[in-house]
Amino acid sequence: MINSLYIGRSGLDTAKYSVDVTSNNIANENTEGYIKRTVNTSELTTLEDDIGNGVSFDSVTRSTSVYLYDKLVSQDSLSSYYEAEDSILSNVEMMFSETENTGFSSTLSNYFDSVETLRGDPTNLIYKNDFSSQSGFVVDGIQSLNENLNETITSTRAQLEDDVKTVNNILEQIVSLNEQILQSNTESIDLLDKRDALEKKLSNYVDIEINRTSSTYNLKVSGVNVIFNNTNLHEISVKEENIAQKDVYDSSDFSSLNFSTGDKVSLVLNNTEIELEIPSTNTLVGTTANEQIVYAINHSSKFMDYTASLDTSNNLVITSNTEGEEGKFDIAISVNGTELTMNSNSVEAENNVSLAVYNNDLNLSSGSLKALTEELTSSTSNIYEYKNSLDDFAKAFVEQVNSNSATPLFYGSSVDSLSFISDNVNSLTNDDLENLAQIQWNDDITIGDSETSFTKFYQSLLVTISSNVEDNSFKLESQDAVVNALETTYNNLTKVDPDTEMINLLQYQAAYEANAKVISTVDEMLQTLLNM
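Basis of the calculations
- Residues numbered from 1 in each chain as written.
- Predicted model: local features only at pLDDT ≥ 70, side-chain atom pairs only at ≥ 80, totals over all residues.
- Heavy atoms only, no water.
- Helix = DSSP H or I, 4+ residues; strand = E, 2+ residues; numbered from the N terminus.
- Rg over C-alpha atoms; globule rule 2.2 N^0.38 Å.
- Buried < 20%, exposed > 50% of the residue type's maximum accessible area, 1.4 Å probe, protein only.
- Salt bridge = Lys/Arg side-chain N within 4 Å of Asp/Glu carboxyl O.
- Pairing = 2+ DSSP bridges.
- Axes fitted to C-alpha atoms, helices over the stretch in contact; angles between N-to-C directions.
- Contact = heavy atoms within 4.5 Å.
- Core = buried A, V, L, I, M, F, W, Y, C linked by side-chain atoms within 4.5 Å.
- Phe/Tyr/Trp six-rings, centres within 6.5 Å; stacked < 30°, edge-to-face > 60°.
- Lys NZ or Arg CZ within 6 Å of the ring centre and 35° of its normal.
- Parallel < 35°, antiparallel > 145°, perpendicular 65-115°, else oblique.
- Left-handed = near helix turned anticlockwise from the far one by under 90°.
- Nonpolar A, V, L, I, M, F, W, Y, C, P; charged D, E, K, R; others polar.
- Expected span 1.5 Å × (residues − 1).
- Polar contact = N/O pair within 3.5 Å; in protein donor to acceptor, adjacent residues only side chain to side chain.

Colleague: Could you give me a rundown of the overall build of the protein, with the residues and numbers involved?
Modeller: For the protein, the count of helices and strands is 11 helices and 20 strands. Over its C-alpha atoms the protein spans a radius of gyration of 37 Å, topping by over 25% the 24 Å that the globule rule assigns to 532 residues. C-alpha atoms of the protein, sized along the principal axes, occupy 135 × 55 × 30 Å. With 532 residues in all, the protein has 42% of them scored as buried.

Colleague: So, the pattern of salt bridges: which residues are in play, and what are the values?
Modeller: Taken as a whole, this structure holds 17 salt bridges when the rule is applied. Notably, a salt bridge pairs Asp193 with Arg62, separated by 2.9 Å at the nearest N-O pair. Here the residue Asp193 occupies a position in helix H5 (residues 189–203), and Arg62 occupies one in strand S2 (residues 55–62), the gap between them amounting to 131 residues. A single burial state applies to Asp193 and to Arg62, both of which are buried. A salt bridge links Asp330 to Lys395, with the nearest nitrogen and oxygen atoms 3.2 Å apart. With Asp330 in the loop between strand S12 (316–320) and strand S13 (331–335) and Lys395 in helix H8 (residues 382–403), this residue pair connects regions lying 65 residues apart in the sequence. Where salt bridges share partners, they join Arg37, Arg62, Asp193 and Asp196 into one cluster.

Colleague: Can you break down the pairing of strand S4 (residues 218–221) residue by residue, with the values?
Modeller: By the bridge criterion, four bridges tie strand S3 (residues 208–211) to S4 in an arrangement that is antiparallel. If you follow Ile208 over to S4, its bridge partner there is Val221. Two strands pair when backbone bridges link them, and S4 and strand S5 (residues 224–228) are joined in this way by three bridges, in the antiparallel orientation. In the strand pairing of S5, Val221 is matched with Val224.

Colleague: Please set out the sheet that holds strand S15 (residues 353–357) residue by residue, giving values where relevant.
Modeller: If you walk across this open sheet you meet the three strands as S7-S15-S16, and the pairing is antiparallel. Two strands in the sheet have a free side with no partner beyond their single neighbour: strand S7 (237–240) and strand S16 (360–362). Between one strand axis and the next, the sheet turns by 50 degrees as a mean value, whatever way the strands run. In the sheet, S7 pairs with S15 via four bridges, with the strands oriented antiparallel. Bridge assignment links Val238 to a residue of S15, and that residue is Leu355. Lying over the sheet, helix H4 (residues 125–184) contacts S7 and S15, oriented at roughly 145 degrees with respect to S7.

Colleague: Which residues make up the nonpolar core, and what are the values?
Modeller: One broad rule of soluble globular proteins: the nonpolar side chains tend to lie buried together. Membership of the largest hydrophobic core comes to 87 residues, with the highest contact counts inside it found for Phe96, Leu219, Ile236, Leu369, Phe410 and Phe454. In terms of nonpolar packing, the next biggest core, distinct from the first, is built from 17 residues, Val294, Ile297, Ile331 and Leu340 among them.

Colleague: Let's hear about the sheet that holds S5: which residues, and what values?
Modeller: Strand order in the open sheet formed by four strands is S3-S4-S5-S6, with antiparallel pairing between adjacent strands. Of all the strands in the sheet, just S3 and strand S6 (232–233) have a single pairing partner and so form its edges. Lying over the sheet, H4 contacts S4, S5 and S6, oriented at roughly 40 degrees with respect to S5.

Colleague: I'd love a proper account of the environment of Ile297, names of residues and values included.
Modeller: Within the secondary structure, Ile297 is located in helix H6 (residues 289–298). Residues Ile297 and Gly324 lie 27 residues apart in sequence; the distance between their C-alpha atoms is 21 Å.

Colleague: So what's going on with the packing of aromatic side chains? Residues and values would help.
Modeller: Here the structure, examined in full by the defined rule, presents 18 aromatic pairs. Ring centres of Phe410 and Phe420 lie 5.3 Å apart, and the angle between their planes is 50 degrees; this geometry places the pair in the tilted category. Here Phe420 lies in strand S18 (residues 419–420) and Phe410 lies in strand S17 (residues 410–411), a separation of 10 residues in the sequence. Of the two residues, Phe410 and Phe420, neither departs from the other in class, the shared state being buried. Site record: aromatic cluster; members linked through ring pairs are Phe104, Tyr111, Phe112, Phe131, Phe393, Phe397, Phe410, Phe420, Phe454, Phe457 and Tyr458. Across from the ring centre of Tyr81, 5.3 Å away, lies the NZ or CZ of Lys370, which sits over that ring.

Colleague: Give a description of the pairing of S5 that names residues and reports values.
Modeller: Connecting S4 to the next strand, S5, in antiparallel fashion are two residues, including Ser222 with a positive phi near 55 degrees. Where S5 meets S6, two bridges bridge the pair, whose relative direction is antiparallel. If you follow Ile227 over to S6, its bridge partner there is Leu233. Counting the residues that bridge the hairpin from S5 to S6 gives three residues, and of these Asn229 lies at a positive phi of roughly 50 degrees.

Colleague: How would you explain the packing of helix H3 (residues 104–120) against H4 if you had to name every residue and give the values?
Modeller: Running from N to C, H3 and H4 cross one another at 160 degrees; their axes reach a closest spacing of 9 Å. In this view, H3 runs roughly antiparallel relative to H4, as classed from their interaxial angle. Here H3 runs over H4; the crossing is left-handed. For the pair formed by H3 and H4, the contact residues are Phe104, Thr107, Asn110, Tyr111, Ser114, Val115, Thr117 and Leu118 on the first element and Tyr127, Lys128, Asp130, Phe131, Gln134, Ser135, Phe137, Val138, Gly141, Ile142 and Leu145 on the second. Grouping the constituent residues of the contact of H3 with H4 by class yields 10 nonpolar, seven polar and two charged.

Colleague: Go over the packing of H3 against H8, please, and point to the residues and values.
Modeller: At a minimum axis separation of 15 Å, H3 and H8 run at an interaxial angle of 5 degrees. In terms of orientation, H3 lies roughly parallel with respect to H8. The segment H3 lies against H8, with Phe104, Leu108 and Tyr111 engaging Phe393, Phe397 and Val401. Broken down by class, the residue content of the contact of H3 with H8 amounts to six nonpolar, no polar and no charged.

Colleague: Requested: an account of the side chain of Asn168, with residues and values cited.
Modeller: Summarising the element assignment, Asn168 is placed in helix H4. We classify Asn168 as buried; its relative accessible area is 8%. Contact partners of Asn168, with chain neighbours within four places excluded, come to Glu235 and Ile236.

Colleague: How would you explain H4 if you had to name every residue and give the values?
Modeller: The terminal C-alpha atoms of H4 lie 87 Å apart, and with 60 residues this matches the ideal 88 Å at 1.5 Å per residue to within 8%. Taking the backbone nitrogen of Ile126 as reference, a side-chain oxygen 2.8 Å away marks Asn124 as the first, capping residue of H4.

Colleague: Let's hear about unusual backbone geometry: which residues, and what values?
Modeller: A negative phi angle characterises most non-glycine residues, just as the trans form characterises most peptide bonds. In this structure, Asn230 is a non-glycine residue whose phi angle is positive, near 75 degrees. Located in the positive-phi region is Tyr358, a residue other than glycine, with phi close to 55 degrees. Within the secondary structure, Tyr358 is located in the loop between S15 and S16.

Next up, the structure:
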C-alpha cells in the first residue's frame, strides 16, 4: 500500500512537469526559432511482483528532424541564390527598359533619322545642329547605360563586403553559443534553438554542412571547415585576383624590320591613332624593330597606362598597368603599313572575385554570396557580358561611321573612350552623307561575334537581358515551391499547434487529478487500517 503512495507521487510529479512544458509551448507559440518541446517518460524499474513502481519523467526534447532540417537549409540556400540573382538581373532590366519614345533604341533611330534629314539638305544649319545633337545623344545614351552597369558592379561589390562581415558575425555568434553549451555541460534546448536559427540565417548567404555525428560541433562552408571542435573559428574573406590584359606579338613579325632615326611606328590605341617617332637620341637606333617599339612606347606620355617589354622568346609584350576589366585596352600596331597580329599567348583582362578561408577557395554551390561573386567575376557575370556587348557596339559603330565618311565623326574603341567630333560635321560631303545613310540598312556589320545591323544587335541585347530575368525567375519560383513544401512539413513537426497543446493540457490535468485521487484513496485506506 505504501508503494501506491510513491507511484501516485511519481504520477503527480510527471503530470506537473508535463503541464509546465505544455504551458511553455503555448507561451512561445509565436517566438521566432522556437521548436516545440516534447515530454519523454518511462516506467520506473519494477521492485517486486511485477506490480510496477510508477512513472519516470526522463527529459524534455525538441520535436525536430535532423534530416528534414538539413534538407530545408540546403534548399533554402539555393532559393537565396536565385533570389539574389533575380534582384541584380531585374535591376539591370529596369536600366534598359524602354517605351515607344524613350530608351537607347529611340535614340539610335533618331540619329539615323537625322542623317537622312541632313542628306536631303546638307547645307541646312538646323539639320546640321540636329545631327550633332543626335550624335551626342548616342554617345551620352550608351555611356549612361554603361555607367549604370558600373554602378551596379560597385554596389554589388559593397554588398559582398557587407554580407561577408555579416557571415563572419553569424559564425562568431554560433561559436559563442557553443561555448555556452559546453559550459552548461548539457545541451540546453533554448541554446540549440538559437543555434538552429543562426545556421538557417547563415545558409541564406552560403551553402553549409553541419557534422553532428561526433561529440564535437563542426560546420563547413562549401566543404571547408569554418567552425571545428566546437569553438575554433576560421573567418571568411573576399579574394580578388584580377588579371591584366597582355597582348603578345611574335618576334618573327619583326625579324626583317629595322628602324632608323625619324622612322615612325603607327599604333592605334583605343581607336585613336598615335605615331611614335624613333628619336635621334634613341640609343637603340639600328637594333631590332621590336626593341625600338618597346623603347618608343615606354617613353611616350600617351602610353603611361601600359608597359612594353620583350619576353624570353623576344616577343613584343604590351601589358596594362591596371589589372582587371578596368584596364582593358584595344591596340593595333602597324609597321610599314602591315598590321601585326597577336599570338595565342595573349591574355584578356579578367576580374576574378571569390571567397576564401585562409588559402582555401570556397566553391559556393548556393547562397546569395554565390550570386554576388559570380556577377563580379568576368567569366560568369551577366553584367560584364552586357558591358562587353555595349563595347562591341561602340567599337563597330565608330568603325562603320568613320569608314563611310572621309571625315571621321567618332573616335574610341569602347563605350568609355567613345566621343563625337562635332567640329567635323561641317566637313561632311554629299557622298559622306549618302554612305552614312546606308549604315542603318546594313545587316551584315560585324559587331562582336555577330554579323547584323546596329538596331538588331541592340534589340538582341534587350531580348537577352529579359530572357535572363525570366529564366532565373522561373528557377526561383520552382525552388520556392520546393522550399515551401519542405517548410510546411518541417513546421508541422516543429511548430506549436495551440489546439494540440490544449488537448495535452487537459490530458495532463486529468492525469494529475487521477494520481491525486490514488493518493487520497490510499490515505483513506491507511486511516481505516489504523482505526481498526
